[in-house]
There are 4 protein chains.
Amino acid sequence: MKVIADFTLVPIGTGVSLSPYVAACEKVIRSAGLKVQLHANGTNLEGEWDAVFAAVKRCHETVHQMGAPRIFTTLKIGTRVDRDQTMEEKIASVEKHLKTGSGIHE
Amino acid sequence: MKVIADFTLVPIGTGVSLSPYVAACEKVIRSAGLKVQLHANGTNLEGEWDAVFAAVKRCHETVHQMGAPRIFTTLKIGTRVDRDQTMEEKIASVEKHLKTGSGIHE
Amino acid sequence: MKVIADFTLVPIGTGVSLSPYVAACEKVIRSAGLKVQLHANGTNLEGEWDAVFAAVKRCHETVHQMGAPRIFTTLKIGTRVDRDQTMEEKIASVEKHLKTGSGIHE
Amino acid sequence: MKVIADFTLVPIGTGVSLSPYVAACEKVIRSAGLKVQLHANGTNLEGEWDAVFAAVKRCHETVHQMGAPRIFTTLKIGTRVDRDQTMEEKIASVEKHLKTGSGIHE
């Protein structure tokens, strides 16, 4: 079962700068062979269910080892069985509607 | 690594009533031996990391088998290594502050 | 437009104990006249759109005033126009399916 | 109070294709004068609190008018008062750590 996920990890009790922890987590994810897209509020992941969730677990372990006593993570997870779809196709599908002008305003 | 999580599963492409799918997922979760609290916007889970995520995966498989072509799930995941904490203790900790009157208004 | 929402506020840069901030936010919400249910991973709110989001904004202002330099909030928001539904009815709808045994296992 | 937010709107009861609704919501957001970045699992927004939430409300109204009986939205909201930060700066901050090699692996 393939997953497209959005992953945001917030270390708690480490101070106001989160980027060293987020970067360590990014390295874990990239070494896991997943398709990865960093964005302003998290990281998009595409891959098989078990590989995606193993990487998320490894991130929690890594960030705790770096000294974060507590972690708060949010995940949005999409699965579909009607057809295969990539992250690029999801974006293209919305942009097609934006260009052709279909929607509420027409 | 213990997890306290909030889990909301939304089947897509099945019509406006989601409760049969949510109930099937609840059964999966309860048969997994996790601590479970259904609330108005999801289900709170407490257990070991692998058991929690195995149950979430089993929910996706079950709801797809029921006919949902597409699923959108949101998870909030809390882990901490400084001390053990249960779901009841998290609520009690906030309620203690409400009763004693500590906070911005005092 | 009525909203049923799940609200989790995480102050960042304030240390490992979040409950004083969460409790201050609870007070803000309760003084706003919304229907409120505290749970282990957040707070469920029910009310008119503008009242719910005014309370969320007031929480951010309050927690910043308490000294949190940074806040990370997650919201799940449900609206429906086909019929009116309360938080209690959402839970009862799932529990009815659990009791009658409808679902994938039957 | 400035906000950087991640917004994902899921219409319920409209079928398996969500992109026409998501595209209509994108038009609402873009006409609101916010900074906007569409990604594979949502849309990142940057702007003043009231402008961001007015756009989110307008999306719900628009998608209900298009025929969706029910909507499920998730929002991640970041505010900070210690300094100003843009979406581009958030990404650059993580990428700097990736390049310089700071983190758990070094």
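Just so it is clear, the model here is predicted, and its values are computed rather than measured. (Residues numbered from 1 in each chain as written. Chains lettered and ligands numbered in written order. Predicted model: local features only at pLDDT ≥ 70, side-chain atom pairs only at ≥ 80, totals over all residues. Heavy atoms only, no water.)

1. Regarding the relation of the copies chain C and chain B
What relates the two chain copies is a rotation about an axis together with a slide along it.
Okay, so step 1: In screw terms, the move from chain C to chain B is a rotation of 180° and a rise of 0.0 Å along the axis, fitting with an RMSD of 0.0 Å. The superposition of one copy onto the other is thereby described by a two-fold rotation axis. By C-alpha distance to the rotation axis, the residue of chain C lying nearest is H39 of chain C, at 3.8 Å.
Okay, so step 2: A share of 100% of the interface residues of chain C reappears at the interface of chain B, consistent with the copies meeting face to face through the same patch. (Least-squares fit on C-alpha atoms with pLDDT ≥ 70 in both. Contact = heavy atoms within 4.5 Å.)

2. Considering the pattern of salt bridges
Okay, so step 1: Counting across every chain of the model gives 36 salt bridges over all chains.
Okay, so step 2: The closest approach of N and O atoms between K76 of chain A and D6 of chain A, which form a salt bridge, is 3.4 Å. Taken together, the residues span a long stretch of sequence, with K76 of chain A in strand β4 (residues 70-80) and D6 of chain A in strand β1 (residues 2-12) at a distance of 70 residues. Across the pair, D6 of chain A and K76 of chain A agree in class, each one buried.
Okay, so step 3: When the shortest N-O distance is used, the salt bridge between K2 of chain C and E46 of chain C registers 3.0 Å. Highlighted residues: K2 of chain C in strand β1 (residues 2-12) and E46 of chain C in strand β3 (residues 42-48), separated in sequence by 44 residues.
Okay, so step 4: For K2 of chain C, a relative accessible area of 23% corresponds to the partly exposed category.
Okay, so step 5: Each of K2, K35, E46, D84 and E88 of chain A takes part in salt bridges that share partners, so that together they form one network. (Salt bridge = Lys/Arg side-chain N within 4 Å of Asp/Glu carboxyl O. Helix = DSSP H or I, 4+ residues; strand = E, 2+ residues; numbered from the N terminus. Buried < 20%, exposed > 50% of the residue type's maximum accessible area, 1.4 Å probe, protein only.)

3. Notes on helix α3 (residues 87-100) of chain B
For an α-helix, the turn length of 3.6 residues means that residues three or four places apart are oriented alike.
Okay, so step 1: For α3 of chain B, which comprises 14 residues, the first-to-last C-alpha distance of 21 Å matches the rise-based estimate of 20 Å (1.5 Å per residue) to within 8%.
Okay, so step 2: Burial in α3 of chain B covers these residues: M87, I91, V94, H97 and L98 of chain B. Down the axis of α3 of chain B, the buried set is contained in an arc of 125°. They therefore lie on one face. Those residues of α3 of chain B that are exposed and aimed more than 90 degrees away from the buried face are K96, K99 and T100 of chain B.
Okay, so step 3: Of the surrounding elements, those touching the buried residues of α3 of chain B are β1 (2-12), β2 (35-39) and β3 (42-48) of chain B together with α1 (19-30) and β2 (35-39) of chain C. (Expected span 1.5 Å × (residues − 1). Arc of directions from axis to C-beta.)

4. What about the pairing of β1 of chain B?
Residues and elements named next belong to chain B.
Okay, so step 1: In terms of burial, β1 is a largely internal element, 10 of the 11 residues being buried.
Okay, so step 2: Where β1 lies against β3, six bridges are found, and the strand directions are antiparallel. Across the sheet, the residue bridging to A5 is L45, located in β3.
Okay, so step 3: Here β1 pairs with strand β4 (residues 70-80) via nine bridges, running antiparallel. Looking at β4, one finds that P11 is bridged to I71. (Pairing = 2+ DSSP bridges.)

5. Focus: the relation of the copies chain D and chain C
Okay, so step 1: Between chain D and chain C, which share one sequence, the superposing operator has a rotation angle of 180° and an axial displacement of 0.0 Å; the RMSD is 0.0 Å.
Okay, so step 2: In this assembly the copies share their binding face: 100% of the residues contributing to the interface of chain D also contribute to that of chain C.

6. Re the interface of chain D and chain C
When the parts of a complex come together, some accessible area is lost, and that lost area is often used as the size of the interface.
Okay, so step 1: Taken together, the contact between chain D and chain C spans 26 residues of the former and 26 residues of the latter.
Okay, so step 2: Around 2,200 Å² of area is buried between chain D and chain C when both sides are counted, 61% of it from carbon and sulfur atoms.
Okay, so step 3: When the buried area of chain D at its contact with chain C is split by residue, W49, K57 and I77 of chain D rank highest and sum to 22% of it.
Okay, so step 4: Run the count over chain D and chain C and you get 13 residue pairs in polar contact (both at pLDDT 80 or more).
Okay, so step 5: Tallying contributions element by element places strand β4 (residues 70-80) of chain D first for the side of chain D that touches chain C, with 11 residues.
Okay, so step 6: Here the residues of the side of chain D that touches chain C are counted per class, giving 11 nonpolar, seven polar and eight charged.
Okay, so step 7: Inspection of the sheet shows strand β4 (residues 70-80) of chain C paired to β4 of chain D by 11 bridges, in the antiparallel sense. Bridging from a neighbouring strand, I77 of chain C pairs with T73 of chain D of β4 of chain D. (Buried area = accessible area lost by both parts, 1.4 Å probe. Polar contact = N/O pair within 3.5 Å; in protein donor to acceptor, adjacent residues only side chain to side chain. Nonpolar A, V, L, I, M, F, W, Y, C, P; charged D, E, K, R; others polar.)

Everything listed is a geometric property; what it means functionally is a separate question.
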